[in-house]
Amino acid sequence: MSSDLDVIVIGAGVVGLSCAIAAKARGLSVTVLDREGPAAGASAGNAGAFAFTDILPLASPGILKKAPKWLLDPLGPLSVPPAYALQIAPWMFRFWRACSASRVAHATAAQTALMDLSKAELEPFLAETGTTPMLRKEGNLQVYESKAELEASLPGWDARQAHGIEFRHLDAAGMAEIQPGIAPRFTHGTFTPGWFSIADPKLYTLALAEHLRAIGGLVERAEVKALRPLENGVEILGADGSMRRAAKVVLAAGAFSHRIARTIGEVIPLETERGYNTTLPPGSLDLRTQITFGGHGFVVSRLSTGVRVGGAVELGGLELKPNFRRSEAMLKKAQAFLPGLKPEGGVQWMGFRPSLPDSLPAIGRSRATPRVIHAFGHGHLGLTQSAGTARIVADLLTGHKPAIDIASFSPQRF
């Protein structure tokens, strides 16, 4: 058994590494454990956005209207593979309950608070970790195929306006000033300048791992099988039979977190949004801002390593084989929507986004022991909320009152 540590963080994605760095900055000794190493999952293949304006939960009355049509299309923005339908039924029931107007309003307020904290923490965190040059402030352009589609989105924009988010609606000429080359079928758009991005999410996450090592933290490849609360700490059992011990544990293992939480008696309804994308070589498109094709469920992002076309939600768990026809369908649409796009030379990817039914992450102490702190379930907002989550986790680890009220993120709320 290894010597005791102040903190073991399980998960070397962007959330786990951010939490580890924040804990180390508070003077704690920290080791990060991950089954595959840093940036092996969704932290590598996401769209690279700090989507601070994305405060509306996926669970909403609007999604209920769209879902039946989408679910009939196996390559559409939201799908459930038939082989997984029965297994996900309890989660879908919770998702349906979260779509009520009162629950959406509650989730939006909680999400806004976490977004505001994350945005406030981001640039100081980048400065501390030496990653500021990776930050881009190019905004996001949401596009619509008709005035009616824009008008249908207005309640969501009203909710954002009520929370102080800046945006402006545009006609086709206004969109062309921001991003030339969009197909004329898109007649209206909304630009949000407060939407930031990172040059490349995988390189950013790897840089965080290097920074943690540079300041004295450790990053080890190890698969965690179970946790065992002790009177004065937590025992971490590895899949290889190894045992480690720490005073406290942060569980930030993304889509695999619920399996580990179950070993200490907690049943948390975490599901997997399987995200797909294709990353094209640099120069494939003269892209000046991230473009969201909301009606089709995907985005096009400019990275330092190329142009990424991806998104959509496939609720298919952790075991089914990837269906890369979804990547191909999005790329085909992107070609039609952006006629200047060069589709050759792309690399396909699929990754697991950890998703809870109400679209809020689980951040807080375990019911089994206050020495285990949960930090997972961010869905498609892990990068966006990583710095804010790290601040909250560091506060909990050091006995300080969290910077915001975290009751809405309680792992025990279900």
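Predicted, not measured: the structure shown is a model, and the values here were computed from it.

A. Molecular detail of the overall build of the protein. Secondary structure summary: the protein contains 11 helices and 20 strands in total. Radius of gyration (C-alpha) of the protein: 21 Å, near the 22 Å computed for a compact globule of 414 residues. Split into buried and exposed, the 414 residues of the protein put 57% on the buried side. Averaged over its 43 positive side-chain charges, the protein has a centre that lies 3 Å from the centre of its 36 negative ones.

B. Molecular detail of a nonpolar patch on the surface. Among the surface-exposed residues, Leu64, Phe93 and Trp96 lie close enough to one another that they form a single nonpolar patch of about 330 Å² accessible area. Within the element layout of this structure, Phe93 appears in helix 4 (residues 85–97).

C. Quick look at the side chain of Ser79. Structurally, Ser79 is set in strand 4 (residues 78–79). Of the residues examined, Ser79 reaches a relative accessible area of 4% and is grouped as buried. Those residues in contact with Ser79 that sit more than four places away from it in its chain are Leu71, Asp73, Pro74, Val313, Glu314, Leu315 and Arg326.

D. Broad picture of the pairing of strand 14 (residues 271–280). The element strand 14 is extensively covered by neighbouring structure, given that 10 of its 10 residues are classed as buried. As defined by bridge partners, strand 14 adjoins strand 18 (residues 347–355) across 9 bridges and the pair is classed as antiparallel. Bridge pairing links Thr272 to Pro354 in strand 18.

E. Region of the structure containing the pairing of strand 15 (residues 290–293). With burial as the criterion, each face of strand 15 is covered, one bearing Gln290 and Thr292 and the other bearing Ile291 and Phe293. With 3 bridges joining them, strand 6 (residues 140–144) and strand 15 adopt parallel strand pairing. Bridge assignment links Asn140 to a residue of strand 15, and that residue is Gln290. Sheet analysis places strand 15 next to strand 16 (residues 298–303), joined by 3 bridges and oriented antiparallel. In the strand pairing of strand 16, Ile291 is matched with Val300.

F. Local environment of the packing of helix 5 (residues 101–129) against helix 11 (residues 386–397). Taken N-terminus to C-terminus, the directions of helix 5 and helix 11 make an angle of 95°; their axes are 6 Å apart at the nearest point. Considered as vectors, helix 5 and helix 11 are oriented roughly perpendicular to each other. Residues Leu114, Leu117, Ser118, Glu121, Leu122 and Phe125 of helix 5 form the contact with helix 11, whose participating residues are Ala387, Gly388, Thr389, Arg391 and Ile392. Grouping the amino acids of the contact of helix 5 with helix 11 by side-chain chemistry returns 6 nonpolar, 3 polar and 2 charged.

G. Spotlight on helix 1 (residues 14–25). Between its terminal C-alpha atoms helix 1 stretches 16 Å, which fits the 16 Å expected from 12 residues at 1.5 Å a residue. Most of helix 1 sits inside the fold, with 10 of its 12 residues counted as buried. Among the residues making up helix 1, those that are buried are Val14, Val15, Gly16, Leu17, Ser18, Cys19, Ala20, Ile21, Ala22 and Ala23. At the C-terminal side of helix 1, Gly27 shows a positive phi close to 90°.

H. Representation of the nonpolar core in the model. Val32 and Val250 are the most contacted members of the largest nonpolar core, which totals 55 residues. Residues in contact with Val32, not counting those within four places in the same chain, are Val9, Gly11, Ala12, Leu17, Ala20, Leu212, Leu218, Val219 and Glu220. In terms of nonpolar packing, the next biggest core, distinct from the first, is built from 27 residues, Leu141, Ile182, Leu280 and Leu285 among them.

I. Inspection of the packing of aromatic side chains at higher detail. In this structure the tally under the stated criterion is 13 aromatic pairs. Ring geometry for Phe52 and Phe196: centres 5.9 Å apart, planes at 90°, overall edge-to-face. Placement of Phe52 in the loop between strand 3 (49–50) and helix 3 (61–71) and of Phe196 in strand 9 (residues 196–198) is noted, with a sequence separation of 144 residues between them. Overall, the relative accessible area of 8% leaves Phe196 in the buried class. A centroid spacing of 5.1 Å and a plane angle of 40° characterise the contact between Phe293 and Phe337, whose relative ring orientation is tilted.

J. Representation of helix 8 (residues 201–214) in the model. For helix 8, built from 14 residues, the straight-helix expectation of 20 Å at 1.5 Å per residue is met to within 8% by its first-to-last C-alpha distance of 20 Å. Inspection of helix 8 places Pro201, Tyr204, Thr205, Leu208, Ala209, His211 and Leu212 among the buried residues, and these make up the whole buried set. Looking straight down helix 8, one finds that the buried residues subtend no more than 160° of arc, so they occupy a single side. The N-terminus of helix 8 is capped by Asp200, whose side-chain oxygen sits 3.0 Å from the backbone nitrogen of Lys202. With its phi angle positive at about 105°, Gly216 sits one or two positions after the end of helix 8.

The rules we used
- Residues numbered from 1 in each chain as written.
- Predicted model: local features only at pLDDT ≥ 70, side-chain atom pairs only at ≥ 80, totals over all residues.
- Heavy atoms only, no water.
- Helix = DSSP H or I, 4+ residues; strand = E, 2+ residues; numbered from the N terminus.
- Rg over C-alpha atoms; globule rule 2.2 N^0.38 Å.
- Buried < 20%, exposed > 50% of the residue type's maximum accessible area, 1.4 Å probe, protein only.
- Lys, Arg positive; Asp, Glu negative; His and termini not counted.
- Charge placed at Lys NZ, Arg CZ, Asp CG, Glu CD.
- Patch = residues over 30% accessible without salt bridge, like charges linked within 9 Å, V, L, I, M, F, W, Y side chains within 5 Å.
- Areas by Shrake-Rupley, 256 points an atom, 1.4 Å probe, with all protein chains shown as cover.
- Salt bridge = Lys/Arg side-chain N within 4 Å of Asp/Glu carboxyl O.
- Contact = heavy atoms within 4.5 Å.
- Pairing = 2+ DSSP bridges.
- Axes fitted to C-alpha atoms, helices over the stretch in contact; angles between N-to-C directions.
- Parallel < 35°, antiparallel > 145°, perpendicular 65-115°, else oblique.
- Nonpolar A, V, L, I, M, F, W, Y, C, P; charged D, E, K, R; others polar.
- Expected span 1.5 Å × (residues − 1).
- Core = buried A, V, L, I, M, F, W, Y, C linked by side-chain atoms within 4.5 Å.
- Phe/Tyr/Trp six-rings, centres within 6.5 Å; stacked < 30°, edge-to-face > 60°.
- Arc of directions from axis to C-beta.
- Polar contact = N/O pair within 3.5 Å; in protein donor to acceptor, adjacent residues only side chain to side chain.

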